[in-house]
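Chains, contacts and geometry: an overview
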Amino acid sequence: MFYLVAEIRALIAIIGADLCCKSDHSGRMGKSTTSDAQALIRSLCAAYSATPTNLKIIDLYVIFAVFTAVVQVHVLFFNVYRYLHGNSWDISLQLFPLRSAFLCRTAVLAVCLRIQVNKENKEFKDRPPERAFADFVLCNMVLHLVITNFLG
């Protein structure tokens, strides 16, 4: 993960230096070409292809949780829009903000799991991946119990 972050920073620095070289005399920056964006995407894909499979699975889970939370917030805004334009308030959609907040917290716990399972991370070298997964499961159970208790 740290390698990927370093790669992104290096590419941003290269593209930023390229943009500074393309500035005209009026002080405005030149437009970036699509080849720069394509090179950036190719480099990111190449760096991500070296990521282990277990980290890719965790990444998919994080993307799923965040996408589901965004959809639920969108449904809540649609319900508010309907209510403001004279339609009835759908009571079943009232708890959507809590559900989306729960999914965002689950995504944060999954990111913490990804950090602990990553072999390149020096801070958690001594911690086995099984312990990290047990911590993830325990924290998710506590989160589920708190949310379920709060919702009644």
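Each residue is numbered by its place in its chain's sequence as written, counting from 1. Where local features are concerned, this predicted model is filtered to residues with pLDDT of at least 70; where side-chain atom pairs are given and counted, the filter is 80 or more; whole-chain, interface and lining totals use all residues. Side-chain metrics in this entry use all non-hydrogen atoms of the structure; hydrogen atoms and water are not considered.

What the chain contains, in helices and strands, is five helices and zero strands. Partly exposed describes any residue whose relative accessible area lies between the buried limit of under 20% and the exposed limit of over 50%, with all areas from a 1.4 Å probe on protein chains only and scaled to the type maximum. Put simply, the chain has 152 residues, and 24% of those count as buried. Any two residues whose heavy atoms approach within 4.5 Å are treated as being in contact. Of all intrachain contacts in the chain linking residues separated by at least 6 positions in sequence, the fraction that spans at least 24 positions is 59%. Within the structure as shown, the chain displays about 10,900 Å² of accessible surface, and the carbon and sulfur contribution to it stands at 70%. Only DSSP runs of H or I with at least four residues qualify as helices, and only runs of E with at least two residues qualify as strands; both kinds are numbered from the N terminus onward. Shrake-Rupley sampling with a 1.4 Å probe provides the accessible areas, and residues are treated as covered by the protein chains on show and by no other component.

Looking now at the pattern of salt bridges. Any carboxyl oxygen of Asp or Glu that lies within 4 Å of a side-chain nitrogen of Lys or Arg is treated as forming a salt bridge with it. If you walk through the whole model with that rule in mind, you get three salt bridges. In this structure, the salt-bridge partner of R114 is D59, at a minimum N-O distance of 2.5 Å. Taken together, the residues R114 in helix 4 (residues 96-117) and D59 in helix 3 (residues 53-84) connect sequence positions 55 residues apart. You can call R114 buried: its relative accessible area is 8%.

Another point: the nonpolar core. The set of buried Ala, Val, Leu, Ile, Met, Phe, Trp, Tyr and Cys residues whose side-chain atoms join them within 4.5 Å is what this entry labels a nonpolar core. Listed in full, the ten residues of the largest apolar core are L55, I58, V62, A65, A107, A110, L113, V117, A132 and F136. Elements that contribute at least two residues to this core include exactly helix 3, helix 4 and helix 5 (129-151). Every residue in contact with A110, bar those within four places of it in the chain, is listed here: I58, Y61, V62 and F136. Formed by five residues, the second largest nonpolar core is a distinct cluster that contains F102, L103, L143 and I147.

Note on aromatic pairs: the rings of Phe, Tyr and Trp (six-membered ring only in Trp) are paired at centre separations within 6.5 Å, and the planes decide the class, stacked below 30 degrees, edge-to-face beyond 60, tilted for the rest. As enumerated under the stated definition, the model contains two aromatic pairs in all. With 6.3 Å between their ring centres and 90 degrees between their planes, Y61 and F136 make a pair best called edge-to-face. With Y61 in helix 3 and F136 in helix 5, this pair connects stretches of sequence that are 75 residues apart. Look at Y61 and you get partly exposed, because its relative accessible area is 34%. Residue classification places F136 among the buried residues on the basis of a relative accessible area of 14%. Between the aromatic rings of F133 and F136, the centroid separation amounts to 6.2 Å while the plane-to-plane angle is 35 degrees, which identifies the pairing as tilted. Residue F133 and its partner F136 are located together in helix 5, separated by three residues, close to a single helical turn. Taken together, the aromatic side chains of Y61, F133 and F136 make up a single cluster linked through ring pairs.

Let us now look at helix 2 (residues 34-49). Helical periodicity: at 3.6 residues per turn, an α-helix aligns residues three or four positions apart in one direction. For a helix, the expected span equals 1.5 Å multiplied by the number of residues minus one. Taking 1.5 Å per residue as the helical rise, helix 2 with its 16 residues ought to reach 22 Å, and the 22 Å between its terminal C-alpha atoms agrees with that figure. Among all positions of helix 2, only D36, S43 and A47 are buried. Buried residues of helix 2, viewed axially, fall in a sector of 30 degrees; they line one side. Opposite its buried face, helix 2 presents the exposed residues T34, I41, R42, C45 and S49, each directed more than 90 degrees away. Arc definition: it is the arc formed by the directions from the helix axis to the C-beta atoms.

Moving on: the environment of K125. Along the chain, K125 falls in the loop between helix 4 and helix 5. Any N or O atom pair separated by 3.5 Å or less is treated as a polar contact, with the protein-specific requirement of one donor-capable and one acceptor-capable atom, and with residues adjacent in sequence counted only for side-chain atom pairs. Separated by 2.9 Å, the side chain of K125 and the backbone oxygen of K119 make a polar contact.

What follows is about the environment of Q72. Topologically, Q72 is positioned in helix 3. Taking the C-alpha atoms as reference, Q72 lies 9.8 Å from L103; in sequence the two are 31 residues apart.

Shape descriptors only; they carry no functional weight alone.
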